[in-house]
Amino acid sequence: MDSFFITTPIYYVNAKPHLGHAYTTILADSMKRFHKLMGDDTYFLTGTDEHGDKIVQAAEKGGQTPSEYVDEISALFRNLWPDLQIENDDFIRTTEKRHIKCVQEVLQKVYDKGDIYFGEYGGHYCFGCERFYTEKELVDGKCPQHETKPEYIAEKNYFFKMSKYQDWLIGHINANPDFIRPERYRNEVMSLLKSGALEDLCISRPKSRLEWGIELPFDKDFVTYVWFDALINYITALDYPKGDKFKKFWPSANHLVAKDILKPHAVFWPTMLKAAEIEPYQNLNVHGYWLIKDTKMSKSLGNVVEPLEMAQKYGVNAFRYFLMREMVFGNDSSFSEEALVGRLNADLANDLGNLFSRTLAMTHKYFGGLVPAEGEEGEEDCNIKNIGRASMAAFQQNFLEAKFSRGLESLWELVRGLNKYIDTTQPWTLYKEENLSRLGTVMYVLLENMRKIAVHLWPVMPEASEKMLAELGITFRPEKVNLQGEVDVWGLLELGTEVASKSNLFPRVEFEKTPPV
Ligand code: ME8
């Protein structure tokens, strides 16, 4: 049994969760479920990043201590995930004892090796990103993420010798074309690495300036800061260094992040791992931004989309489907309720929902609701089975390559193919002609394909998939599924199974434009 370890970024607790956080976490959940169906032993980690200036400032604003504040906001993230049908195996908080211990162990190891030194540094510090920017990285003197002018800070601090590992990292990326994907981000990282000497990474803050962090094990007057703290969460959760979980899951580590934190994950983290003599992760999967009317979502612009509100309004499963289908992985994508409603009606209500409810209704009308026997296979049946095989194989391959939207598109070739199959085989005519043997074949082909589609949809729409399968008289057990085998296997839906008489999985919705103010 292979393993599959999937992580999301640990989110800052300086604001409530929004659509962007929900997207990454839903996607991670889908990847976990997909790998589960592929027979892998899976582990899915998410959590919250709770140290740093931003948090102290946000707590002060609300008149709370940092610790009261982080408890409150972290719980908002933790409690949201089950409502979006997200099943994470662990939820890590950087203020937990297990994490503090792990960070200190890694720091000590890297320090003992001589890869951490004490030095003076002056630089352009962006509080939003919690990192220093080089002159070259600034755009018009401003931070490219926050478009604010960074503050010039000079102080004595500890540094990680990141530059020492630059050549090794270039070699590793060259030797592992999938290490960073999609390709555009791999190219971006490569051109950054080849554009000049990598700077060393400032990893501490004097306690006189900031106490809300993890104390350096080799100097009590300093705390470690942001990335050296946050990134290590991925191995803390596997009980590094001693745990069996670490041995089992680390080799398959897949990180999922948006492009805003590409450099820390693609450059800081692998070099930190190398210095700590830990194998690099397997893949870094990088997605683009959800935009609102072509602008990035931000609290200050007041255009933040509340994921729970969308899920409650349109259904969790439709919301999950939309996010995964609409965004081409790696590119930016615009979110609008209009587009969501469009896809819900077209793909889910019309294509899939109608196909399913028509199939169930016909099974009732023609065969009393019992799955009929399949007779001889004709050309049309053979054709649709070929479409099915190609569509499911493409779905799986695309999901393995982190091309989720294309994967769903491939599956819909089967959904649309089946709708056409009904039009051409005309079960109602076969019924009128009393050609029950041919009718049985057609209905069986439809029902068995519905079963296969439902199984493939479980990673994206867990509840809808289980409901479809229940309506087909099947109790779904993910651990019993062999998704790869589903491409070629035929006939798992048993003859005589009683199916539901109707289904209303995805009712059509009308889009109401908000009246102009
Ligand atoms: O960066 N579109 O936390 P963060 C898509 N604590 N995804 C978005 C998004 C958008 N408009 N906005 C946010 C941090 N995200 C650090 C991470 S990891 C060791 C430490 C998602 O709360 C996306 O996954 O700012 C992005 O990478 C992440 O939220 C940033 O979360």
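Scroll up for the structure.
As the structure is a computational prediction, the values presented were derived from the model and not from experiment.

1. Focus on the side chain of Ser410
Along the chain, Ser410 turns up in helix 15 (residues 404-425). A distance of 2.9 Å separates a polar side-chain atom of Ser410 from the backbone oxygen of Arg406. With near-sequence residues (within four places) excluded, Ser410 lies in contact with Ser391, Ala394, Phe395 and Asn398.

2. Describing the pattern of salt bridges
Inspection of the entire model under this criterion finds 32 salt bridges. Residue Arg209 is joined to Glu155 by a salt bridge in which the shortest nitrogen-to-oxygen separation is 3.0 Å. One end of the pair, Arg209, is in the loop between strand 9 (204-206) and strand 10 (214-216); the other, Glu155, is in strand 6 (residues 151-160), and 54 residues separate them in sequence. Note that Arg325 and Glu409 form a salt bridge whose closest N and O atoms lie 3.9 Å from each other. Of this pair, Arg325 sits in helix 12 (residues 316-326) while Glu409 sits in helix 15, and the two are 84 residues apart along the sequence. When its relative accessible area of 13% is taken as the criterion, Arg325 is described as buried. A network of salt bridges, in which partner residues are shared, links Asp29, Arg33, Glu87 and Arg320.

3. Description of unusual backbone geometry
Following Arg181, the chain continues into Pro182 via a peptide bond in cis, with omega recorded as 0°. Tracing the sequence through the fold places Pro182 in the loop between strand 7 (180-181) and helix 6 (183-194). At the junction of Tyr240 and Pro241, the peptide bond is cis and its omega measures out at 5° in the coordinates. Here Pro241 lies in the loop between helix 8 (233-236) and helix 9 (244-249).

4. Brief notes about the pairing of strand 6
Here strand 4 (residues 116-126) pairs with strand 6 via 10 bridges, running antiparallel. Note on strand 6: the bridge partner recorded for His124 is Tyr152. For strand 6 and strand 8 (residues 201-202), the ladder comprises 2 bridges, and the chain directions are antiparallel. Following the sheet pairing, Phe160 is matched in strand 8 by Leu201.

5. Focus on the site of the ligand
The environment of the ligand is formed by 24 residues, the closest being Ile10, Thr24, Asp49, Asp260 and Trp290. Between the ligand and Asp49, the relevant distance is 2.8 Å, taken from a nitrogen atom to a side-chain nitrogen or oxygen of the residue. Backbone polar atom of Trp290 to a nitrogen atom of the ligand: 2.9 Å apart, as the coordinates give it. Out of a free accessible area of 680 Å², the ligand has 94% covered by protein chains. Only strand 1 (3-12), helix 1 (19-37), helix 7 (227-230) and helix 8 provide two or more residues apiece to the shell around the ligand. The element best represented in the shell around the ligand is strand 1, accounting for 4 residues. The class makeup of the residues in the shell around the ligand is 13 nonpolar, 8 polar and 3 charged.

6. So, the sheet that holds strand 12 (residues 253-258)
Where strands meet in a sheet, backbone hydrogen bonds hold them as pairs that are either parallel or antiparallel. Taken together, 6 strands build an open sheet; the order of strands is 3-2-1-12-13-7 and the sheet is parallel. For this open sheet the edge positions go to strand 3 (90-93) and strand 7, each flanked by a neighbour on one side alone. Pairing geometry for strand 2 (residues 41-49) and strand 3, over 4 bridges, is parallel. Each bridged residue has a counterpart across the sheet, and for Gly47 the counterpart in strand 3 is Ile92. Helix 1 contacts strand 1, strand 2, strand 12 and strand 13 (283-287) of the sheet and is inclined by roughly 170° relative to strand 1.

7. Re the sheet that holds strand 5 (residues 131-133)
Pairing within the open sheet is antiparallel, and its 4 strands lie in the order 5-4-6-8. With partners counted over all chains shown, the strands left at the sheet margins are strand 5 and strand 8, one partner each.

8. Details of the environment of Met310
Within the fold, Met310 resides in helix 11 (residues 307-314). Since its relative accessible area comes to 4%, Met310 is described here as buried. Once the C-alpha coordinates of Met310 and Glu510 are considered, the two residues, 200 residues apart in sequence, prove to be 14 Å apart. Those residues within four positions of Met310 in sequence are excluded, and the remaining contacts are Val305, Gly315, Phe319, Phe335 and Glu337.

9. Points about the nonpolar core
One broad rule of soluble globular proteins: the nonpolar side chains tend to lie buried together. Counting 98 residues, the largest nonpolar core has Phe319, Phe335 and Leu352 as the members making the most contacts within it. Contacts of Leu352, omitting those with residues within four sequence positions, involve Asp347, Trp412, Val415, Met450, Ile453, Leu457, Met461, Met468 and Phe506.

10. Focus: helix 13 (residues 337-367)
Gly353 marks where helix 13 bends most, by close to 40°. Just downstream of helix 13, Gly368 is the residue with a positive phi angle, here 60°.

Conventions and cut-offs
- Sequence positions are assigned chain by chain, starting from 1 and proceeding in written order.
- Per-residue local features of the predicted model are confined to residues with pLDDT of at least 70, and side-chain atom pairs are confined, for both listing and counting, to 80 or more; whole-chain, interface and lining totals are unaffected and use all residues.
- To get the side-chain values, take all heavy atoms of the structure and skip hydrogens and water.
- A helix here means a DSSP run of H or I that spans at least four residues, while a strand means a run of E at least two residues long, and both kinds are numbered starting from the N terminus.
- What qualifies as a polar contact is a pair of N or O atoms within 3.5 Å, subject to a donor-acceptor requirement within protein and to the restriction that residues adjacent in sequence count only when both atoms come from side chains.
- Contact definition: two residues touch when any of their heavy atoms are within 4.5 Å.
- Salt bridges, as used here, are contacts in which a Lys or Arg side-chain nitrogen is within 4 Å of a carboxyl oxygen on Asp or Glu.
- Partly exposed residues are those whose accessible area sits between 20% and 50% of the maximum for their type, while under 20% is buried and over 50% is exposed, using a 1.4 Å probe and protein chains only.
- At least two DSSP bridges between two strands are needed for those strands to be called paired.
- What makes a residue near a molecule or strand is one non-hydrogen atom of that residue sitting within 4 Å of it.
- Per-residue and other accessible areas follow the Shrake-Rupley method at a 1.4 Å probe size, with only the shown protein chains counted as cover for residues.
- Under the scheme applied here, ten amino acids are nonpolar (Ala, Val, Leu, Ile, Met, Phe, Trp, Tyr, Cys and Pro), four are charged (Asp, Glu, Lys and Arg), and all others, including Gly, are polar.
- In this analysis an axis means a line fitted to C-alpha atoms, helices contributing only their contacting stretch, and an angle means the value between N-to-C directions, from 0 to 180 degrees.
- Within this scheme, the nonpolar core is defined by two criteria: the residues are buried Ala, Val, Leu, Ile, Met, Phe, Trp, Tyr or Cys, and they are joined through side-chain atoms within 4.5 Å.
- The bend at a residue is defined as the angle formed between two axes, one fitted to the seven residues ending at that residue and one fitted to the seven starting there.

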